[in-house]
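# Examination of the molecular architecture
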Amino acid sequence: MHQIWPAEHARPLDDEALERLYTYPAGKPWLAVNFVASADGAVEVGGLARPLSTPPDRKVLQLGSDLADVLLIGATTAMVEGFRGVHPDEHTLARRRRHGLADVPPTAVVTSGRGLPPDAPVITRARVPTVVLTCASAPAPVRRAWQDAGADVVVAGEDTVDLAAAVSALTSRGLRRIDCEGGAHLFGALTAAGLVDELRLTVSPLLTAGPAGRIAAGPPVPPTDLRLASAVAEDDTLLLRYLVRPDRRPGPGAAVDDDGDA
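A quick note: this is a predicted structure, and the numbers were derived from the prediction, not measured.

## Some remarks on the nonpolar core
With 34 residues, the main nonpolar core has Leu31, Leu72, Leu133 and Leu190 as its most contacted residues. Looking at this core, the elements that each hand over two or more residues are β3 (30-38), β4 (70-74), β5 (107-110), β6 (131-134), α7 (163-172), β9 (177-180), α8 (184-192) and β10 (198-204). Here this core takes five residues from α7, the largest share from any one element. Leaving out residues up to four positions away in the same chain, leucine 190 has contacts with Leu31, Leu72, Leu163, Val167, Cys180, Leu195 and Val196. One finds Ala17, Tyr24, Ala68 and Leu239 within the second-largest nonpolar core, a separate group that totals 17 residues.

## As for unusual backbone geometry
Here the amide bond leading from tryptophan 5 into proline 6 is cis, since omega sits at -5°, within 30 degrees of zero. Examined against the element boundaries, proline 6 turns out to sit in the loop between β1 (2-5) and β2 (11-12). The residue after glycine 182, namely glycine 183, is reached through a cis peptide bond having omega 10°. Structurally, the position occupied by glycine 183 is in the loop between β9 and α8. A positive phi angle, close to 50°, is found at alanine 209, a residue other than glycine. Tracing the backbone shows alanine 209 in the loop between β10 and β11 (226-234).

## A short note on the environment of valine 104
Along the chain, valine 104 turns up in the loop between α4 (90-98) and β5. The spatial distance from the C-alpha of valine 104 to the C-alpha of glycine 115 is 25 Å, given a sequence separation of 11 residues. With sequence-adjacent residues up to four places away left out, valine 104 is seen in contact with Val86, Pro88, Arg96, Arg127 and Val128.

Conventions adopted
- Residues numbered from 1 in each chain as written.
- Predicted model: local features only at pLDDT ≥ 70, side-chain atom pairs only at ≥ 80, totals over all residues.
- Heavy atoms only, no water.
- Core = buried A, V, L, I, M, F, W, Y, C linked by side-chain atoms within 4.5 Å.
- Buried < 20%, exposed > 50% of the residue type's maximum accessible area, 1.4 Å probe, protein only.
- Helix = DSSP H or I, 4+ residues; strand = E, 2+ residues; numbered from the N terminus.
- Contact = heavy atoms within 4.5 Å.

Structure representation (structure tokens):
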């Protein structure tokens, strides 16, 4: 890989330098969102993000979860992508222990109750209990079924999931480095709530056309100003890191009433 921005830091990157570039800031909560999109802006191919991914994208996506305290994901994305939580290999375990992190980060799934069955792989096949972030309107039998299946159920909000309260619940558990891996409606709602600190965007060297959506979806919000923090290139793939300008982000209060969508 080769860092091409900032220009004064242009250089080849070995694995250690790439890890430093993607390490979460120390000493404060941080929510980073990871997405891959085609060069013409498609967020999926055939309903899945996986066909857009490239080896460089997978490497930085791995870094995002390896260095995080928790993965945040919408229920629809978890189901569509067959997500089953993090199952670390020896390399991931060594990296996490080197950074003083728990061996396995939990997954936090946002759902209003409609799109997450109790036998979802993200609950039943996870190595550590999955955190289900839901709302009071989710039927009590469904919430009990999640708990019976091994999930840690957190109620945040009444009729919809209050994302500010949900993120606060994670940080209060010591899960301060949050790696969000989709979907588009969850990203849109997090942006509207002013909760996003960083966007990690991979531009995949593909043209797809078709009806695919964008990486953030939902009601319009005031534009959020970003600052390009780094650009890395390898094998025609462009890896961008944008930081949200803290004085120019939308205000709090957004909620999500679907399941994060894919």
